[in-house]
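What follows is each chain in one-letter form.
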Amino acid sequence: GLEPGPAGPTLLARRRHMGAALDHVRRLLVQEPRGHRDMYAAVLVPSELPAAQLGALFLHGQGYSTMCGHAVLALGRFALDGGLVPAPSRPEAAVTIHCPCGPVTAFVPWDGQRSGSRVRFHSVPAFAAAADVTVDVPGHGKVVVDIGYGGAFYAFLSAERLGLDVCSSKTRDLVDAASAVTEAVKRQFKLHHPDNEELAFLYGTILTDGKDAFSDEPTTNICVFADAQVDRSPTGSGVTARIALQYHKGLIQLNQSRTFRSSSTGSLFTGKAVKEAKCGDYNAVVVEVSGEAFYTGTATFVVEEEDPLKYGFSVK
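On a predicted model such as this, the values are computed, not experimentally measured, just so you know.

Definitions and limits used
Residues numbered from 1 in each chain as written. Predicted model: local features only at pLDDT ≥ 70, side-chain atom pairs only at ≥ 80, totals over all residues. Heavy atoms only, no water. Helix = DSSP H or I, 4+ residues; strand = E, 2+ residues; numbered from the N terminus. Rg over C-alpha atoms; globule rule 2.2 N^0.38 Å. Buried < 20%, exposed > 50% of the residue type's maximum accessible area, 1.4 Å probe, protein only. Areas by Shrake-Rupley, 256 points an atom, 1.4 Å probe, with all protein chains shown as cover. Lys, Arg positive; Asp, Glu negative; His and termini not counted. Charge placed at Lys NZ, Arg CZ, Asp CG, Glu CD. Salt bridge = Lys/Arg side-chain N within 4 Å of Asp/Glu carboxyl O. Phe/Tyr/Trp six-rings, centres within 6.5 Å; stacked < 30°, edge-to-face > 60°. pLDDT = per-residue confidence, 0-100. Contact = heavy atoms within 4.5 Å. Core = buried A, V, L, I, M, F, W, Y, C linked by side-chain atoms within 4.5 Å. 1 Å grid on protein atoms, 1.4 Å probe; cavity = no way out; pocket = protein on both sides within 12 Å on 5 of 7 lines; lining within 4 Å. Points joined across faces, edges and corners; volume = space filled by probe spheres on them. Nonpolar A, V, L, I, M, F, W, Y, C, P; charged D, E, K, R; others polar. Polar contact = N/O pair within 3.5 Å; in protein donor to acceptor, adjacent residues only side chain to side chain. Axes fitted to C-alpha atoms, helices over the stretch in contact; angles between N-to-C directions. Parallel < 35°, antiparallel > 145°, perpendicular 65-115°, else oblique.

1. Notes on the overall build of the protein chain
So, point 1. Counting its secondary structure elements, the protein chain contains five helices and 15 strands.
So, point 2. Against the globule reference of 20 Å for 316 residues, the protein chain gives a C-alpha radius of gyration of 19 Å, in line with a compact fold.
So, point 3. The C-alpha extent of the protein chain, read off along each of the three principal axes, is 50 × 50 × 35 Å.
So, point 4. When the 316 residues of the protein chain are sorted by exposure, 51% land in the buried category.
So, point 5. Total accessible area on the protein chain is roughly 14100 Å²; 51% of this is exposed by carbon and sulfur atoms.
So, point 6. Charge separation in the protein chain, taken as the distance between the mean sites of 30 positive and 33 negative side-chain charges, equals 1 Å.

2. Digging into the pattern of salt bridges
Two side chains with opposite charge may pair up if their charged atoms get near one another.
So, point 1. Summed over the entire model, instances satisfying the criterion amount to 16 salt bridges.
So, point 2. Residue E48 is joined to R14 by a salt bridge in which the shortest nitrogen-to-oxygen separation is 2.8 Å. Of this pair, E48 sits in the loop between β1 (40-45) and β2 (54-60) while R14 sits in helix α1 (residues 11-21), and the two are 34 residues apart along the sequence.
So, point 3. Accessibility expressed as a relative area gives 27% for E48, which makes it partly exposed.
So, point 4. We note a salt bridge from K186 to E183, for which the minimum N-O separation is 3.8 Å. Of this pair, K186 and E183 both sit in helix α4 (residues 171-188), three residues apart, which is roughly one turn of that helix.

3. Looking at the packing of aromatic side chains
So, point 1. A full pass over the atoms with the stated rule returns ten aromatic pairs.
So, point 2. With a centroid separation of 5.9 Å and 75° between ring planes, the pair formed by F127 and F153 is classed as edge-to-face. Residue F127 is located in strand β7 (residues 126-137), and its partner F153 is located in strand β9 (residues 153-158); the two are separated by 26 residues in the primary sequence. F153 carries the same exposure label as F127, and that label is buried.
So, point 3. Their ring planes at 50° and their centres at 5.2 Å tell us that Y203 and F225 sit as a pair that is tilted.

4. What to know about the confidence of the model for the protein chain
So, point 1. When pLDDT is averaged along the protein chain, the result is 95; 97% of the residues meet or exceed 70.
So, point 2. Segment residues 1-8: pLDDT under 50, and 21 contacts once partners within four positions in sequence are set aside and those in other chains are kept.

5. Topic: unusual backbone geometry
So, point 1. Cis geometry is adopted by the peptide bond preceding P33, which originates at E32 and carries an omega value of 5°.
So, point 2. Within the secondary structure, P33 sits in the loop between α2 (23-30) and β1.
So, point 3. Here the amide bond leading from R90 into P91 is cis, since omega sits at 0°, within 30 degrees of zero.
So, point 4. Looking at where P91 falls in the secondary structure, it is placed in the loop between α3 (69-81) and β4 (92-99).
So, point 5. Within the chain, D132 stands out as a residue other than glycine whose phi angle is a positive 55°.
So, point 6. Note on placement: D132 falls in strand β7.

6. So, the nonpolar core
So, point 1. Ranked by size, the top nonpolar core spans 74 residues in total, and within it V145 and L207 carry the most contacts.
So, point 2. Here L207 is in contact with L157, A159, L162, V166, L174, A178, T220, N221 and I222, once residues within four sequence places are set aside.

7. Focus: the layout of surface pockets
So, point 1. Here the largest pocket is characterised by a volume of approximately 1700 Å³.
So, point 2. Taken together, 39 residues make up the lining of the largest pocket; nearest its centre are M39, Y40, A41, A42 and A74.
So, point 3. Elements with a minimum of two residues in the lining of the largest pocket: α2, β1, α3 and α5 (236-248).
So, point 4. Among the elements that make up the lining of the largest pocket, the one with the highest residue count is α3 (seven residues).
So, point 5. Residue composition of the lining of the largest pocket, grouped by class: 24 nonpolar, eleven polar and four charged.
So, point 6. In this structure, the second largest pocket spans a volume of roughly 190 Å³.
So, point 7. What lines the second largest pocket is a set of 13 residues, and nearest its centre among them are D146, F156, L157, D212 and K249.
So, point 8. Listing elements by their share of the lining of the second largest pocket, those giving two or more residues are β9 and α5.

8. A closer look at the side chain of S65
So, point 1. Summarising the element assignment, S65 is placed in strand β3 (residues 64-65).
So, point 2. At a separation of 2.5 Å, a polar atom in the side chain of S65 contacts the side chain of Y40.
So, point 3. Within the structure, the side chain of S65 is placed 3.5 Å from the side chain of Y203, a separation counted as a polar contact.
So, point 4. What S65 contacts, discounting residues up to four positions off in sequence, is R15, Y40, F58, H60, P100 and Y203.

9. A short note on the packing of α1 against α2
So, point 1. Interhelical geometry of α1 versus α2 gives an angle of 80° and a closest axis separation of 5 Å. Overall, the two elements α1 and α2 adopt an arrangement that is roughly perpendicular. Contacts between α1 and α2 involve M18, G19 and A21 from the former and D23, H24, V25 and R26 from the latter.
So, point 2. Considering only residue class, the contact of α1 with α2 consists of three nonpolar, two polar and two charged.

Written out as structure tokens, the structure reads:
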């Protein structure tokens, strides 16, 4: 794990410090030739919370996010297999990960030797920041969006409102439209988070198939975040925020489980609101998301001092 230095007592301060003093590390890891345009990474840091076994900072092509559900699934497995959790219970072990948005608990299958791939987690309280907000999107006119928080803030709308289909339109067209929505919301809507204003930024836009009412059928979405990055998963923090919005609108009840599909890879997450909560003055819900994480390998990254491109590069 990388130690981002004595930056202060909070994980958000570590995140700030890494961005200011160690951003070359992010660039060399996530940009080419070691990464790629849509690369994502998690850096392990010591937890500052007694209840958490580890802390994590999340890196992407533009900077540092505050929550990543799919990373939590993977880190839960890694923590167990790497011996970071003393005496894990069977058949499922709890792993609490201190994320910049707060503590998130993963529940990981454990047979005493090895973790299982299907993991679930309970995130920080999620809430509807705003429903049915009208924004003026260049090239699309006035568009109505919802804004939800699930460890990060996202704007949500049906791709149909932008003249697109989340399942069949070209990814480039979906990315361009979602990015235009993100920029419009950033300009026209002021976000607020009751815990810390460092969390009050719009991370991206999630285009959906419009199927928000409860159904046993999967609902498909695509998440475009940071600098036009495309999520390969259905987006754990996005599913969390989307369920909070559906619960706020009365479209889903507690413990009603829904399936969410990524339009980019077809991978599936399930999500459900498990209990009501508060986040400041917001009525919130704790959401359980489950999905799968698999190992792909281990890597040793090398940086040669004389390499003129040692800190990576990005080709658009």
